[in-house]
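Per-entry structural report
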Amino acid sequence: MKRLFNIEWNKMFYNKGTRIFIILYFVMIILMGITLPNFKPTMNGVEIDFIKLGALDFPAIWHNITWLIGFGKFFLAIIIINNITNEYSFGTFKQNTIDGLTKSEFFGSKILMNLIITLFSTLIVAIIVVALGAIFSEKFEFMKGIEFIGGYFVEIFAYTVFAAFLSFLLKKSAFAILSLIVLNIGESIFKVIEFLVRFGKNPPKDENSFTLFTNYLPLNSNSKIIDYPSLDLQQAFLGGKLFSPDHIKWEYLAMNVFYIILFLGLSLFIIKKRDL
């Protein structure tokens, strides 16, 4: 494993472009976290203070920060796609196999680096949450809601695995990135179509009373692990907190674990069956 890590480390971090993108990604997620306390939009002349509304109180802070920083996963996917497709574009994959690296080892080195980047991203998010919670939360109960950091890890790793699958399949960064965008849009369209076909002009008032089957598609289910933050408008109108405690969606987390196994298996199959 150390040998595979060293090989991938040399490829990624001695490549100036990849190194810059990785640094920018981690700077971006740090800035997304630390700017939230200072973000106070104004609506109809009224300043909205997210701190007073409970956005940074435990346990809601785990939900809010992991949901917000989760939007950065597309940027991370681009890094993963470029890293893998460059192997085909510059012929390094073929050269590595000639030098004795097996196809399974090549695949393992890519997934290992995905895993390490995801773990590091998860660690940074956890540090941001604990730091902001220690400063702004009324009670420092950081263990409450900590399940969201596990959900964040699965969400990011599953997304990078899917991005890697597209990279192995298409071998061109432009095609893989475009496919990721199109599939995101396509799954959203399918979701709307299913909703209209099933409910028409009379949608249920309670969104928790029904389940859309299209929510279990790879990208839709990925974004549903950590859903939109829960808001309690009635409590806010009464002078309480707007953000209320919630839980990750375990059924979607389980679905993403399945997709991780599926796309890892398909990626390895493609690499082993395809000619150099």
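These remarks concern the structure in this document. Everything quoted here is computed from the prediction, not taken from an experiment.

All right, on to the environment of asparagine 220 then. Take asparagine 220: it is sitting in helix H9 (residues 218-224). Given the relative accessible area of 7%, asparagine 220 is considered buried. As for asparagine 220 and valine 161, which are separated by 59 residues in sequence, their C-alpha atoms are 15 Å apart. For asparagine 220, the residues in contact, after removing those within four places along its chain, are Glu187, Ser188, Lys191, Thr214 and Asn215. A polar atom in the side chain of asparagine 220 sits 2.9 Å from the backbone oxygen of threonine 214.

Assignment of secondary structure puts asparagine 222 in helix H9. Asparagine 222 gets classed as buried once you look at its relative accessible area, which sits at 2%. Within the local environment of asparagine 222, its side chain forms a polar contact with the backbone oxygen of glutamate 155, the two atoms lying 2.9 Å apart. Non-local contacts of asparagine 222, meaning those with residues more than four positions away in its chain, are made with Lys73, Glu155, Ala158, Tyr159 and Asn256.

This part covers empty space enclosed by the protein. The final tally for this structure, using the stated rule, is two cavities of 30 Å³ or more. For the largest cavity, the calculated volume is near 70 Å³. Contributions of two or more residues to the lining of the largest cavity are made by helix H7 (147-170), H9 and helix H11 (250-273). Element by element, the count of residues in the lining of the largest cavity is highest for H11, at four residues. Taken together, the residues of the lining of the largest cavity break down into eight nonpolar, two polar and no charged. Together, Met12, Ile80, Asn83, Ile84, Lys110, Met113 and Asn114 line the second largest cavity. Mapped onto the lining of the second largest cavity, the elements with two or more residues apiece are helix H4 (73-89) and helix H6 (103-136). Residue classes in the lining of the second largest cavity are distributed as four nonpolar, two polar and one charged.

Take the layout of surface pockets next. In this structure, the largest pocket encloses a volume near 1,100 Å³. For the largest pocket, the lining is made up of 34 residues, of which Lys191, Ser223, Lys224, Asp227 and Tyr228 are closest to its centre. Counting residues per element, the ones that place at least two in the lining of the largest pocket are helix H3 (60-69), H4, H7, helix H8 (173-199), H9 and H11. Split by residue class, the lining of the largest pocket holds 14 nonpolar, eleven polar and nine charged.

Time to look at the packing of aromatic side chains. Taken as a whole and judged by the stated rule, the model has 19 aromatic pairs. Each ring, one from phenylalanine 195 and one from phenylalanine 199, has its centre 5.2 Å from the other, and the planes form 55°; the classification is tilted. Note that phenylalanine 195 and phenylalanine 199 are positioned in helix H8 at a spacing of four residues, about one turn of the helix. Joined through ring pairs, the aromatic side chains of Phe21, Tyr25, Phe26, Phe75 and Phe120 make up one cluster.

Before going further, it helps to examine the nonpolar core. In terms of nonpolar packing, the biggest core is built from 63 residues, with Ile65, Ile117 and Leu180 touching the most fellow members. Those elements that place two or more of their residues in this core are helix H1 (2-13), helix H2 (16-34), H3, H4, H6, H7, H8 and H11. A total of 15 residues in this core trace back to one element, the largest contributor, which is H7. Ile48, Phe50, Ala55 and Ala60 belong to the second largest nonpolar core, which has six residues in total.

Let us look at the side chain of glutamate 87. Mapping glutamate 87 onto the fold places it in helix H4. Among the residues examined, glutamate 87 registers a relative accessible area of 3% and is labelled buried. For glutamate 87, the side chain forms a polar contact with the side chain of lysine 110, separated by 2.5 Å.

Rules behind the numbers
- Residues numbered from 1 in each chain as written.
- Predicted model: local features only at pLDDT ≥ 70, side-chain atom pairs only at ≥ 80, totals over all residues.
- Heavy atoms only, no water.
- Helix = DSSP H or I, 4+ residues; strand = E, 2+ residues; numbered from the N terminus.
- Buried < 20%, exposed > 50% of the residue type's maximum accessible area, 1.4 Å probe, protein only.
- Contact = heavy atoms within 4.5 Å.
- Polar contact = N/O pair within 3.5 Å; in protein donor to acceptor, adjacent residues only side chain to side chain.
- 1 Å grid on protein atoms, 1.4 Å probe; cavity = no way out; pocket = protein on both sides within 12 Å on 5 of 7 lines; lining within 4 Å.
- Points joined across faces, edges and corners; volume = space filled by probe spheres on them.
- Nonpolar A, V, L, I, M, F, W, Y, C, P; charged D, E, K, R; others polar.
- Phe/Tyr/Trp six-rings, centres within 6.5 Å; stacked < 30°, edge-to-face > 60°.
- Core = buried A, V, L, I, M, F, W, Y, C linked by side-chain atoms within 4.5 Å.

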